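The residues making up each chain are set out below.
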Amino acid sequence: LSGTAAPLLSKRLGFDPSAMAGPMETAFQDIAGSTFLLAMGAFLLHRFGDHGAACAGGDASGCLELCRLAAGNATAALYNPQCIQSCVADIAAGVC
């Protein structure tokens, strides 16, 4: 389609169709090809595990260990509840 449209468009705009068709077609194919390759790369990375997220601490026990707070007194909480929830969510999602 673009191979047919390029000479017609350039003639309509007053340019020499034989001089304009080659570069216009090459540019179109470069853009289409690059878009296809980037889309395939994104699909493959998404499909096969490059999720961009890693388990904090390396594994489930390491994640929970990062949630430990310094005990100031006997009644202080030993773990950060928000951190524990984040670790549990990561474990449930299969990240840890």
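Conventions adopted
Residues numbered from 1 in each chain as written. Predicted model: local features only at pLDDT ≥ 70, side-chain atom pairs only at ≥ 80, totals over all residues. Heavy atoms only, no water. Helix = DSSP H or I, 4+ residues; strand = E, 2+ residues; numbered from the N terminus. Contact = heavy atoms within 4.5 Å. Areas by Shrake-Rupley, 256 points an atom, 1.4 Å probe, with all protein chains shown as cover. Buried < 20%, exposed > 50% of the residue type's maximum accessible area, 1.4 Å probe, protein only. Lys, Arg positive; Asp, Glu negative; His and termini not counted. Salt bridge = Lys/Arg side-chain N within 4 Å of Asp/Glu carboxyl O. Expected span 1.5 Å × (residues − 1). Polar contact = N/O pair within 3.5 Å; in protein donor to acceptor, adjacent residues only side chain to side chain. Patch = residues over 30% accessible without salt bridge, like charges linked within 9 Å, V, L, I, M, F, W, Y side chains within 5 Å.

Student: Tell me what's going on with the overall build of the chain, and back it up with residues and numbers.
Tutor: The number of helices and strands found in the chain is four helices and zero strands. Each helix and strand of the chain, ordered N terminal to C terminal, gives the series α-α-α-α. Contacts in the chain between residues far apart in sequence, at least 24 positions, make up 22% of those at least 6 positions apart. Here the chain has roughly 7,300 Å² of accessible surface; of this, 66% comes from carbon and sulfur atoms.

Student: Could you give an account of the side chain of Glu 25, naming the residues involved and the relevant values?
Tutor: By secondary structure assignment, the location of Glu 25 is in helix α2 (residues 17-47). Of the side chains with opposite charge, Lys 11 lies nearest to the buried Glu 25, which makes no salt bridge, at 18 Å.

Student: Before we move on, can you summarise helix α4 (residues 81-93) with the specific residues and values?
Tutor: For an α-helix the count is 3.6 residues per turn, leaving residues at separations of three or four pointing the same way. Along its 13 residues, α4 runs 18 Å from first to last C-alpha, staying within 8% of the 18 Å computed at 1.5 Å per residue. A side-chain oxygen of the first residue of α4 lies 3.1 Å from the backbone nitrogen of Gln 82; this N-cap is Asn 80. Among the residues trailing α4, Gly 94 stands out with phi positive, at a value near 85°.

Student: An account of the environment of Ala 6 is requested, with residue identities and associated values reported.
Tutor: Along the chain, Ala 6 turns up in helix α1 (residues 2-12). Overall, Ala 6 belongs to the buried group, its relative accessible area being 4%. Residues Ala 6 and Phe 28, spaced 22 residues apart in sequence, show a C-alpha to C-alpha distance of 9.7 Å. For Ala 6, the residues in contact, after removing those within four places along its chain, are Ala 21 and Met 24.

Student: Pulling in residues and values, what's your account of the environment of Gly 94?
Tutor: Inspection of the secondary structure puts Gly 94 in the segment after α4. Judged by its relative accessible area of 56%, Gly 94 is exposed.

Student: Just give me the short version of the environment of Leu 69, but keep the residues and values in it.
Tutor: With respect to the helices and strands, Leu 69 occurs in the loop between α3 (60-66) and α4. With a relative accessible area of 38%, Leu 69 lands in the partly exposed category. Here the alpha-carbon distance between Leu 69 and Tyr 79, two residues ten residues apart in the chain, equals 5.3 Å.

Student: Go over a nonpolar patch on the surface, please, and point to the residues and values.
Tutor: Among the surface-exposed residues, Phe 36, Leu 37, Met 40, Phe 43, Leu 44 and Phe 48 lie close enough to one another that they form a single nonpolar patch of about 670 Å² accessible area. Structurally, Phe 48 can be placed in the loop between α2 and α3.

Student: Break down the pattern of salt bridges for me, with residues and values.
Tutor: The final tally for this structure, using the stated rule, is one salt bridge. Arg 68 serves as the salt-bridge partner of Glu 65, at 3.0 Å between the closest nitrogen and oxygen. A relative accessible area of 43% means that Arg 68 is categorised as partly exposed.

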